[in-house]
Amino acid sequence: QVQLVESGGGLVQTGGSLRLTCAVTGRAISRYPMAWFRQAPGKGRVFVAGVRRDGFDTGYADFVKGRFTISRDNAKNMVYLQMNSLRPEDTAVYYCAPTDNDFRTEPYDYWGQGTQVTVSS
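Residues numbered from 1 in each chain as written. Predicted model: local features only at pLDDT ≥ 70, side-chain atom pairs only at ≥ 80, totals over all residues. Heavy atoms only, no water.

Novice: How should I be thinking about the pairing of strand β1 (residues 3-7) in this particular structure?
Specialist: Regular strands show a simple pattern: their side chains alternate between the two faces of the sheet. Burial along β1 is one-sided: L4 and E6 are buried, and none of Q3, V5 and S7, which face the opposite way, are. As paired strands, β1 and strand β3 (residues 18-25) are joined by five bridges and run antiparallel to one another. Bridged to L4 within β3 is V24. (Buried < 20%, exposed > 50% of the residue type's maximum accessible area, 1.4 Å probe, protein only. Helix = DSSP H or I, 4+ residues; strand = E, 2+ residues; numbered from the N terminus. Pairing = 2+ DSSP bridges.)

Take a look at the structure:
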């Protein structure tokens, strides 16, 4: 019964910004760490950023540190990803998902359809 709907993607030029939103229904997210992942054409899904339950303990992949910021609003059951200084290599479908405390999705395996981010040069 859990549904995750990602939105906010689009086409942006190099150096631009986007803010992604993940809306969750059917289950409260307050008990779970949450994370963003992305999948580029021809590649597997990789970790981008994660945030633990309190919204202050975060982790980031090296390739987005200093550019992306993850946040959450447990009252609204939403997770966000602010993306700045975008590069063509950021082009991918972005997904959010509940995780364990190490930002691994295997215990739950809940995914939405993702939102497409395209960065042009």
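Moving on from the model shown.
Novice: What should I look at first to understand the sheet that holds strand β6 (residues 58-60) in this one?
Specialist: Strand pairing within a sheet occurs via backbone hydrogen bonds; the two strands may be parallel or antiparallel. Across the sheet, six strands lie side by side as β2-β10-β9-β4-β5-β6; this open sheet has mixed pairing. Whereas interior strands pair on both sides, the edge strands pair on one side only; in this sheet they are β2 (10-13) and β6. For this sheet the average axis-to-axis angle between neighbouring strands, irrespective of direction, equals 30°. One ladder, built from three bridges, connects strand β5 (residues 45-51) with β6; its direction is antiparallel. Directly across from V51, in β6, lies its bridge partner T58. (Axes fitted to C-alpha atoms, helices over the stretch in contact; angles between N-to-C directions.)

Novice: Just checking my understanding: could you explain the sheet that holds strand β7 (residues 68-73) for this structure?
Specialist: The sheet built from four strands is open, its strands ordered β1-β3-β8-β7 with antiparallel pairing. Either end of the sheet is taken by a strand with one partner, and the two such strands are β1 and β7. Neighbouring strand axes in the sheet, compared pairwise and without regard to direction, differ in orientation by 15° on average.

Novice: Looking at this model, I keep getting lost on unusual backbone geometry. Mind explaining?
Specialist: Note: most peptide bonds trans; most residues except glycine with negative phi. With phi around 55°, N77 is a residue other than glycine that occupies positive phi space. The exposure class assigned to N77 is buried, which follows from its relative accessible area of 13%. For S85, which is not a glycine, the phi torsion comes out positive at approximately 50°. Along the chain, the position of S85 falls in the loop between β8 (78-83) and β9 (92-98).

Novice: Got a minute to help me understand the pattern of salt bridges in this structure?
Specialist: Where side chains of opposite charge bring their charged atoms close, a pairing between them can arise. Under the counting rule described, the total for this entry stands at four salt bridges. R38 is the salt-bridge partner of D90, the closest N and O atoms lying 2.9 Å from each other. Taken as a pair, D90 in the loop between β8 and β9 and R38 in strand β4 (residues 34-39) lie far apart in primary sequence, 52 residues in all. Across this residue pair, the class does not change: D90 and R38 are buried. R67 is the partner of D90 in a salt bridge, and the nearest nitrogen-oxygen pair spans 2.8 Å. Taken together, the residues D90 in the loop between β8 and β9 and R67 in the loop between β6 and β7 connect sequence positions 23 residues apart. According to the relative accessible area criterion, D90 is buried, its value standing at 0%. For R67, a relative accessible area of 7% gives the class buried. (Salt bridge = Lys/Arg side-chain N within 4 Å of Asp/Glu carboxyl O.)

Novice: When you look at the environment of A61 in this model, what are you seeing that I'm missing?
Specialist: Mapped onto the fold, A61 is located in the loop between β6 and β7. Dropping the residues within four chain positions of it, A61 is found in contact with F47 and V48. (Contact = heavy atoms within 4.5 Å.)

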